[in-house]
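Observations on the model geometry
Residues per chain, in single letters:
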Amino acid sequence: MSGELTLLILRILFLLILWLFLFGIVFALRSDLFGQRVRKLQADAAAGFPATPPAAAPGPTPIVPPRLATAASPMQPAPVSSMPSGANASPSGQAMATILTASRLVITSGPRQGTELSLGREPLTIGRSAESGLVIRDDYTSTHHARLLLWNDEWMIQDLDSTNGTFLNGRRVTVPTQIPLDTPIKIGTTTFELKR
């Protein structure tokens, strides 16, 4: 009688472990196929940039413009220097930023090579999801893979915890990083650059 009870308990434990294993597989497949839920914070969305970027992993150092490093806080705008007035004055800070900032995204390799997108001032989500601003459908791109956002008139790339990573000029992006003009960004099998 005692042996039968032990055998019954072992069978139940085995079935329980088997079901937990199956649920783990289904959850992993679901997150790979549909991506992880993108966290949205109202304060960050209003500012257009995450208040606390993820901790930097060992690897390449992100490119940070000098005015980002000297600002009092990440959410405070950079100080604007006064410009001389008159006929020989240089362009205003906002006009200069418009001249220096990229205005279009050009896909240089991949299934959609040659495609151009105009960049506005709103963030651009990249991924397999139909809700993305730039839809890339390949096996190496996550549903919500990365995001381009404008911060202090500089375009930044942010990886959204993608499975295969986002690469700027051959280096994996781990924190939001400034994108220089004409620098290749690789997501899955697609490469694109920001141009004026």
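Quick look at the structure, then. Small disclaimer: the values here were computed from a predicted structure and weren't measured. Counting restarts for each chain, with residues numbered from 1 along the sequence as it is written. In keeping with the predicted nature of the model, local features appear solely for residues at pLDDT of at least 70, side-chain atom pairs appear and are counted solely at 80 or more, and the whole-chain, interface and lining totals rest on all residues. Only heavy atoms go into the side-chain values, all of them from the structure, while hydrogens and water stay out.

1. Some words on the sheet that holds strand β10 (residues 185–187)
The condition is simple: We call two strands paired when DSSP finds no fewer than two bridges between them. By the criteria applied, helices consist of DSSP H or I runs no shorter than four residues and strands consist of E runs no shorter than two, each listed in order from the N terminus.
Here we have six strands laid out as an open sheet, ordered β2-β1-β11-β10-β7-β8, and antiparallel in their pairing. Two strands bound the open sheet, and with one partner strand each, they are β2 (116–118) and β8 (171–172). Relative to β2, strand β1 (residues 104–109) runs antiparallel, the two being bridged by three bridges. The residue bridging L105 from the neighbouring strand is L117, located in β2.

2. Here's the deal with the sheet that holds strand β9 (residues 177–178)
Strand order in the open sheet formed by five strands is β4-β3-β5-β6-β9, with mixed pairing between adjacent strands. The sheet terminates laterally at β4 (134–135) and β9, the two strands that pair on one side only. Both strand β5 (residues 146–151) and strand β6 (residues 154–159) contribute to a ladder of six bridges, which runs antiparallel. Counterpart to A146 in the pairing with β6 is D159.

3. A short note on the packing of aromatic side chains
Threshold: Each aromatic pair joins two rings of Phe, Tyr and Trp (for Trp, the six-membered one) with centres within 6.5 Å, and gets the label stacked for planes under 30 degrees apart, edge-to-face for over 60, and tilted for any other angle. Each residue's exposure class comes from its accessible area (1.4 Å probe, protein chains only) as a fraction of the maximum for that residue type: buried when under 20%, exposed when over 50%, partly exposed otherwise.
Counted under the stated rule, the structure contains one aromatic pair. Here the aromatic rings of W19 and F23 are separated by 6.1 Å at their centres, their planes lie at 35°, and the arrangement is tilted. Of this pair, W19 and F23 both sit in helix α1 (residues 2–34), four residues apart, which is roughly one turn of that helix. Residue classification places F23 among the exposed positions, given a relative accessible area of 56%.

4. Overview of a nonpolar patch on the surface
The criterion, for reference: Nonpolar side chains (Val, Leu, Ile, Met, Phe, Trp, Tyr) are joined into patches within 5 Å and like charges within 9 Å, using only residues with over 30% relative accessible area and no salt bridge. Note on areas: these come from Shrake-Rupley sampling with a 1.4 Å probe, and a residue is covered only by the protein chains present in the view. Salt bridges are defined as contacts in which a side-chain nitrogen from Lys or Arg sits within 4 Å of a carboxyl oxygen from Asp or Glu.
A cluster of nonpolar side chains, contributed by F14, L15, L18, W19, F21, L22, F23, I25 and L29, occupies part of the molecular surface with about 950 Å² of accessible area. Looking at the element boundaries, L29 is found in helix α1.

5. Considering the environment of R137
We count it as follows: For the purposes of these results, a polar contact is taken to be a pair of N or O atoms within 3.5 Å, where, inside protein, one atom must be able to donate a hydrogen and its partner to accept one; residues adjacent in sequence count only when each atom of the pair is a side-chain atom.
Looking at the element boundaries, R137 is found in the loop between β4 and β5. Looking at R137, its side chain comes within polar contact range of the main-chain oxygen of R128, at 3.1 Å.

As far as function goes, none of this settles anything; it's purely spatial.
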